[in-house]
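# Architecture at a glance
Now for the letters of each chain:
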Amino acid sequence: SIIRADILISSGHPLATGGSTIIPMPVEMSKEIEKVPGVLSAETFRKVYLNFRGSRILLEMFDVALRMEYCPVMIAKGSREDMLRLLPNQNNVVVNEGFAARNRIKPGDSIMLPTPGGLVQFGVAAIIVSYDSDGGAIWMDVNTFQRLWHDKLADMFEVRLRPGADLTQVREAILKRFSNEWKLFVLPAHEFREEVRKMLDRMFVVSNAVNVITLVIAGFG
């Protein structure tokens, strides 16, 4: 439900392990990508890790107003209207269920997050369903992040195509346009989603095997 783009662009494979090198790209690349024939939009995505009360949490940034136009978001508490009203270029965030439960946070509360300029208070606009990090995940509007962190980099561009555009041709055009400057992974989003499904299937194979062993032991008992 989160990945609704047609093409994902990064300087490292989106499913690479944590030890793999991914070089952040300048956000200005999004404007150049949008000049490629067939591209409707190139959305900036950035992620960093923060220390919150002694725990490592994931902070994710994107253009909230743009994302909410086409992407359904699973909201546990709050509403889409709250996110659109409170997040764009404001000191507000949304947090996932695990983070909210662990820290006893509800919409309307405030949290303090470390920024390069010191601790800053952020309001909590909503609580979302997200499995990006077992330590907790926070979503912030990318404009707010750039203003407070003075960071104009992107880890990924999520590209949507114009109706009728040929995905293969657009992908090849993007690779050709940036091949001299960057070594990019330009991955069709449906391949990314399929890889995620395979990873989940492999995880459940292990889980089911443990369940079978447990049942066998119980049967002997």
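To be clear, the structure that these remarks concern was listed above.
Summarised in this report is the structure supplied together with it. (Residues numbered from 1 in each chain as written. Predicted model: local features only at pLDDT ≥ 70, side-chain atom pairs only at ≥ 80, totals over all residues. Heavy atoms only, no water.)

## Describing the environment of Met-74
You can see Met-74 is positioned in the loop between helix H2 (64-70) and strand E5 (75-77). The exposure class assigned to Met-74 is partly exposed, which follows from its relative accessible area of 45%. Taking the C-alpha atoms as reference, Met-74 lies 5.3 Å from Val-129; in sequence the two are 55 residues apart. (Helix = DSSP H or I, 4+ residues; strand = E, 2+ residues; numbered from the N terminus. Buried < 20%, exposed > 50% of the residue type's maximum accessible area, 1.4 Å probe, protein only.)

## Side note on the nonpolar core
Ranked by size, the top nonpolar core spans 23 residues in total, and within it Leu-59, Val-95, Ile-111, Leu-113, Phe-122, Ile-138 and Met-140 carry the most contacts. When residues of this core are traced back to their parent elements, those giving at least two are strand E3 (39-52), strand E4 (55-62), strand E6 (92-96), helix H4 (97-103), strand E7 (110-115), strand E8 (118-128), strand E9 (137-141) and helix H5 (142-149). Look past the residues within four positions of Phe-122 in its chain and what remains in contact with it is Asn-91, Asn-92, Val-93, Asp-109, Ser-110, Ile-111, Leu-113, Met-140, Thr-144, Leu-148 and Trp-149. Counting 19 residues, the second-largest nonpolar core is a separate cluster that includes Val-64, Val-73, Leu-87 and Ala-125. (Core = buried A, V, L, I, M, F, W, Y, C linked by side-chain atoms within 4.5 Å. Contact = heavy atoms within 4.5 Å.)

## Some points on the layout of surface pockets
A volume near 260 Å³ is recorded for the second largest pocket. In terms of lining residues, the second largest pocket is bounded by 13 residues, among which Ser-30, Lys-31, Ala-42, Thr-44 and Asp-63 are the most central. When residues of the lining of the second largest pocket are traced back to their parent elements, those giving at least two are helix H1 (29-33), E3 and H5. Classifying every residue of the lining of the second largest pocket gives four nonpolar, four polar and five charged. (1 Å grid on protein atoms, 1.4 Å probe; cavity = no way out; pocket = protein on both sides within 12 Å on 5 of 7 lines; lining within 4 Å. Points joined across faces, edges and corners; volume = space filled by probe spheres on them. Nonpolar A, V, L, I, M, F, W, Y, C, P; charged D, E, K, R; others polar.)

## Considerations on a nonpolar patch on the surface
Residues Leu-200, Met-203 and Phe-204 make up a contiguous nonpolar surface patch of roughly 320 Å² in combined accessible area. Along the chain, Phe-204 turns up in helix H7 (residues 189-220). (Patch = residues over 30% accessible without salt bridge, like charges linked within 9 Å, V, L, I, M, F, W, Y side chains within 5 Å. Areas by Shrake-Rupley, 256 points an atom, 1.4 Å probe, with all protein chains shown as cover. Salt bridge = Lys/Arg side-chain N within 4 Å of Asp/Glu carboxyl O.)

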